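Residue-level structural notes
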Amino acid sequence: MTAPTLSKPAPNPAPRPDGELEKLEAVWRTQSGWRFFSSVNNTNIGLLYIATALLFFVLAGVLGLLIRLQLAVPDNHLLGVETYNQVFTMHGTVMMFLFAIPVVEAIGVYLLPNMLGARDLPFPRLSAYAYWAYAFGGLAFFCTLFVGLAPDGGWFMYPPLTGTRYSPGLNADFWLLGIGFIEISAIAGAIELIVGILFTRAPGMTLGRMPVYAWAMLVVGLMIVFAFPAVIAGTALLELERAFDWPFFIAERGGDPLLWQHLFWFFGHPEVYIIFLPAAGMVSTMIPTIAGTPLVGRRAIIAALLGVGVFSFGLWAHHMFTAGLGVLEMSFVSAASMAVAVPTAIQVFGWIATLWKGKLTWNAPTLFLLGFMFIFVLGGLTGVMVAVIPFDWQVHDTYFIVAHFHYVLIGGMVFPVFAAMYYWMPLVNGNRLSERLARWVFWLMFAGFNIAFFPMHLTGLLGMPRRVYTYAPEMGWDGLNLLSTVGAFMFALGVVLFAVDAFRALRRPERAVGNPWNAATLEWLPSEDYGNRSIVRVNSTNPLWDEPALTREVEEGRHYLPHTATGRRETIATSPVAAEPRYLLVLPGDSWLPLVGAFGTSAFFLLLTVKLYALAWISGAVAVGAVLAWMWESDRPPPEIEQVEAAVGEHLPVGALGRASHSWWATVIMLVVDASIFASFAFAYVHVSMRLMVCPPPGTELPPLSQALTSCGLLVLGSLLVWLAKRALDKKGNARRLPWLVLAALACALASFALDLQGWRAGLAPSESAWAAAIAALASYQGLHIVLLLVLAPYLALRAWRGLLDRRSRATLDNIALVWHYTTLQGIAAVAVVRLMPLLME
Amino acid sequence: MATGDHKEGFWKRVLWAALPLLVWIVHFAFSYGLAAAQCSPVGMRPGGPDRLVLAGSTLGAFAICALLAWRARQVLSRQGSASGLADRVALLLAVLALIAIAWGGLPLLLVTGCA
């Protein structure tokens, strides 16, 4: 532990007036009874999110046990073939998409605001929407298993197996629409976390002082922004192929099944690190506490997190070594797969050095952290083995791979998450889990895991393919399989014991949380619905170790904003590098709208899948209505309050404009996601073009260049009109002309798209060739944006007519203008990509 | 209302620290893209991908990262204990990118052709 430093005087040294705390409590109070579900506060949403993710862990775990029962003995007929296919597909899909990614985001939603010293995340209603969309969509998706409609093509859903020819039922559609939609919820969460980490840290918490866990979540948020669009684009293409016969993945019509693999794994491999890095961040937070010493190599570990985040994007094709890629391409990917081991090893050595330097406390988190290191390092070593191409050719799609990725995922994520639950459980109601029972839980899980999965390396080397329904006794795999089944049930018993203990701890009466592990990070400051009584000023990397008086000062309201300055929920927005206070961020209160919006969105996708179109469109309208109603209430800073006193002599403006505003940054990040989805569609077009000998293929024709240029010109004119509308508000401060300018801009955008549509329809038949289908996909994506403008332009005009747009309330205009200009750029980029490819191939 | 950017050089710092990783991304994407294009039906090149161009790009990327590492080292020794997180991260990432680029260039010595 570092030596305590001299504390600087607190920003609000005087005693606080009576009644101030009561007002703060009233503004942030969680409603009781069924109204609890309208709560948007990060603590409540975070707990719901974690509980739901753990429910999916248990459900998918039960499916895993069914798989093990089926494989326990040779020639077993416990499950039918069809059921077995659905069970293993759902086990992988639910574990990856409904447990692993959501649980790490959920823990972030719960922990980060407190760890960063903020009262809440910057967009609480977005968090609530993301959670409810995930909960409704995920539960409905899981229920498909009970009616025999669950997907059965494996968790990575390779076509042609999942095309209509081999999967004619609705099973694959449930995966494509369900998972594609749940990914959108993950992206919403990522945007929230990135903006929260960059702009709502406690004053003085510079990037250098920011906890390593927050660094990990920042890197993960950025990875989600660039990785998830690929799978969203992939699922859209496969669904378009299944619904409209656009042959992106059908080789006979110029498509390529490998296109799916590229898109899926460009998401799928970074996803492994998206799951692992938050766990690594938690480990980097817990290890210094249990060792009682600062993290060794802290800066190197932060650099390693960044390195892993970037290198992980060069590894996608190592899942495709047997797919017939060029040998040099595979070698580049193989090299990158080994290079990523270097920054990963930096983290592991940093943790070992910290344990070595400090004095280890033996408790439940320690056991799970040591278990994590043992299992994860073994998984990493087999990872380097399968990065060697000839070795991968031997073990690809065998149980060796099943063993490898369970060592990486359970070792790298599940064990740290269990350590985290033991470590942070006291934050919920002050009660710790039983240390005695924890030893049973750990040893059952650790031994059970190794007994279950280590033999799979051997069954794999003996040739047992993954996903096999059963096997003959003469294969010699029966003893090892039986052992794996015994281990899996031991592991499950450990999880059950944990659940019993957690249930018991949560039912105990609430007690003071304190700082039970003597940790250094801010989440251990006394906290209520409003977060900390006052927003702490941070002076070091390990504030609770370095400033022993901090807890008392914060609790006495001697730091920033110990009250509600505007009578609403608020937090302080700070600058991204030095965390200097910039403005008072007014937060929205509880509302049913995110829940209704999420319900409508989930229902829209699920009803669309089962072809109940009328009901689907009604649900879609409900979703759009709820989101617009929620937006309508936003962007209204409190009248008459231009600035507030956050601390003695420190006045902060209320709200921010343009690039200073957190909502501007969130919109920009959303547009980066948007551009990444567009880039994935463009990649699909380039990929299918490169399979051609002549481009455009015979029988297809691009519209005249003059028509394309006119369309681009109309888009530019529309953007120009929006720019003029913004300028009118900037210069004159009134929005009288604004609605007409925006509606004229909309007319330009609609005319541009009508021109595009007319041109494409004349010379391209998307069901004839993958090349034409890829262009149609690009055009459809542009069309989706035009539809979005069709909603946004009248909404903006209505706000202007109702007097809700002025110099202070203009975030709506600024953000819609960003979307508008992006749509213009995307339209021009689509024309450029489509026109350039035939020229390059001439 | 707060307006405009806070003058603390956020993007400058991010770019300074992350530049080696950007060099790695460009090098990797160029190498993979060129190899894929020169092994595609329409762009098939006799003898496989152009290893001279690939070797040149690898040496170029390596040299840029070496330069970035050297510059980061200079900044650190000039500033001593006053150096910030961005400077240290810049050095570490330059070294990581150097290793990854060198390792990624090795197949050029070992592999020929497309299949």
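Residues numbered from 1 in each chain as written. Chains lettered and ligands numbered in written order. Predicted model: local features only at pLDDT ≥ 70, side-chain atom pairs only at ≥ 80, totals over all residues.

Secondary structure assignment for chain B yields 4 helices and 0 strands. When the helices and strands of chain B are read in sequence order from the N terminus, they spell out α-α-α-α. Over its C-alpha atoms chain B spans a radius of gyration of 19 Å, topping by over 25% the 13 Å that the globule rule assigns to 115 residues. Each principal axis of the C-alpha atoms in chain B carries an extent, and together these give about 60 × 40 × 15 Å. (Helix = DSSP H or I, 4+ residues; strand = E, 2+ residues; numbered from the N terminus. Rg over C-alpha atoms; globule rule 2.2 N^0.38 Å.)

When helices and strands are counted, chain A shows 25 helices and 4 strands. Scaling as 2.2 N^0.38, a compact globule of 842 residues should have a C-alpha radius of gyration of about 28 Å, and chain A matches this with 27 Å. Taken across its 842 residues, chain A has 57% of its residues classed as buried. When contacts within chain A are restricted to residue pairs at least 6 apart in sequence, long-range pairs at least 24 apart make up 81% of them. (Buried ≥ 20, exposed ≤ 12 C-beta atoms within 10 Å, placed from the backbone. Contact = placed C-beta atoms within 7 Å.)

A few words on unusual backbone geometry. All names here are of chain A. Note the cis peptide between P159 and P160, where omega equals 10 degrees. Tracing the sequence through the fold places P160 in the loop between α4 (124-143) and α5 (171-199). Omega for the peptide link from C695 to P696 comes to 0 degrees, which places this bond in the cis form. Assignment of secondary structure puts P696 in the loop between α21 (662-689) and α22 (705-732). The backbone of K611 shows a phi angle near 65 degrees, a positive value even though the residue is not glycine. Tracing the backbone through its elements, the reader meets K611 in the loop between α19 (593-609) and α20 (613-633).

Residue and element names in this part refer to chain A. Inspection of the secondary structure assignment puts G154 in the loop between α4 and α5. What makes G154 partly exposed here is the crowd of 17 C-beta atoms within 10 Å. For G154 and H91, which are 63 residues apart along the polypeptide, the C-alpha to C-alpha distance reads 9.3 Å. When residues no more than four places from it in sequence are discounted, the contact partners of G154 are T89 and R467.

This part covers the nonpolar core. Grouped burial of nonpolar side chains is what soluble globular proteins tend to show. Grouped together as the largest cluster of nonpolar side chains are 322 residues, with contacts concentrated most on Y685, A774 and I775 of chain A together with L93, A94 and A97 of chain B. The element contributing the most residues to this core is helix α3 (residues 81-116) of chain A, with 21 residues. In this view, Y685 of chain A contacts A774, I775, L778, V833, V834 and M837 of chain A; residues no more than four positions away in its chain are not counted. (Core = buried A, V, L, I, M, F, W, Y, C linked by C-beta atoms within 7 Å.)

Time to look at the interface of chain A and chain B. The partner chain B presents 42 residues to the 42 residues of chain A that form the contact. Taken together, the elements giving at least two residues each to the side of chain A that touches chain B come down to α8 (298-311), α9 (327-339), α10 (341-357) and β2 (581-587) of chain A. The greatest single-element share of the side of chain A that touches chain B, amounting to 9 residues, is contributed by α9 of chain A. For the side of chain A that touches chain B, the class distribution of residues is 28 nonpolar, 8 polar and 6 charged. (Nonpolar A, V, L, I, M, F, W, Y, C, P; charged D, E, K, R; others polar.)

Moving on, we get to the domain arrangement of chain A. All names here are of chain A. By the assigned domains, chain A splits into domain 1 (41-281) and domain 2 (684-840). A C-alpha centroid distance of 30 Å is found between domain 1 and domain 2. Listed as interface residues are 13 residues of domain 1 and, on the opposing side, 16 residues of domain 2. Contributing elements (two or more residues each) for the side of domain 1 that touches domain 2: α6 (212-244) and α7 (257-291). The greatest single-element share of the side of domain 1 that touches domain 2, amounting to 3 residues, is contributed by α6. Across the side of domain 1 that touches domain 2, the residue classes break down as 7 nonpolar, 3 polar and 3 charged. (Domains from an automatic or database assignment.)

What follows deals with the packing of helix α15 (residues 435-461) of chain A against helix α16 (residues 478-507) of chain A. When two helices pack together, their arrangement is captured by the angle between the axes and the distance separating the axes. All names here are of chain A. Packing of α15 against α16 leaves a shortest axis separation of 7 Å and a crossing angle of 155 degrees. The angle between α15 and α16 falls in the class roughly antiparallel. In terms of crossing hand, the pair formed by α15 and α16 is left-handed. (Axes fitted to C-alpha atoms, helices over the stretch in contact; angles between N-to-C directions. Parallel < 35°, antiparallel > 145°, perpendicular 65-115°, else oblique. Left-handed = near helix turned anticlockwise from the far one by under 90°.)

Residue and element names in this part refer to chain A. In terms of strand pairing, strand β3 (residues 643-647) meets strand β4 (residues 650-653) through 4 bridges, oriented antiparallel. Residue pairing across strands places V644 opposite L652, the latter belonging to β4. Counting the residues in the hairpin turn of β3 and β4 gives 2 residues, including G649, whose phi is positive at 75 degrees. (Pairing = 2+ DSSP bridges.)

Residues and elements named next belong to chain A. Helix length check: α3, at 36 residues, gives a terminal C-alpha distance of 50 Å against a target of 52 Å (1.5 Å per residue), a fit within 8%. Maximum bend of α3: about 35 degrees, positioned at Y110, with proline P113 one to four residues after it. With respect to burial, α3 is a largely interior element, 30 of its 36 residues being buried. (Expected span 1.5 Å × (residues − 1). Bend = angle between axes of the 7 residues up to and from the residue.)

This part takes up the pairing of β2 of chain A. All names here are of chain A. Taken across its 7 residues, β2 has 7 buried, putting it largely inside the fold. With 6 bridges joining them, strand β1 (residues 569-574) and β2 adopt antiparallel strand pairing. The partner of T571 across the bridge, within β2, is L585.

Our focus in this paragraph is α4 of chain A. Taking 1.5 Å of rise per residue, 20 residues should cover 28 Å, and α4 of chain A covers 29 Å from first to last C-alpha, within 8% of that figure. Counting buried positions over the 20 residues of α4 of chain A gives 17, a clear majority of the element.

Residue and element names in this part refer to chain B. Averaged over every residue, the pLDDT of chain B is 90; residues scoring 70 or more account for 96%. Within chain B, the lowest mean pLDDT, 91, falls on helix α4 (residues 107-110), and the highest, 95, falls on helix α2 (residues 51-79). The ipTM assigned to the predicted complex is 0.95, against a pTM of 0.95. (pLDDT = per-residue confidence, 0-100.)

For the rest of this paragraph, the subject is the packing of helix α2 (residues 42-71) of chain A against α16 of chain A. Residues and elements named next belong to chain A. One way to put it is that α2 packs onto α16 with a least axis distance of 9 Å and a crossing angle of 155 degrees. Taken as axis vectors, α2 and α16 run roughly antiparallel relative to one another. Handedness of the α2/α16 crossing: left-handed. Residues G61, G64, L65, R68, L69 and L71 of α2 touch α16, and the partners they reach there are N481, S484, T485, A488, F489, A492 and V495. In the contact of α2 with α16, the residues fall into 7 nonpolar, 5 polar and 1 charged.

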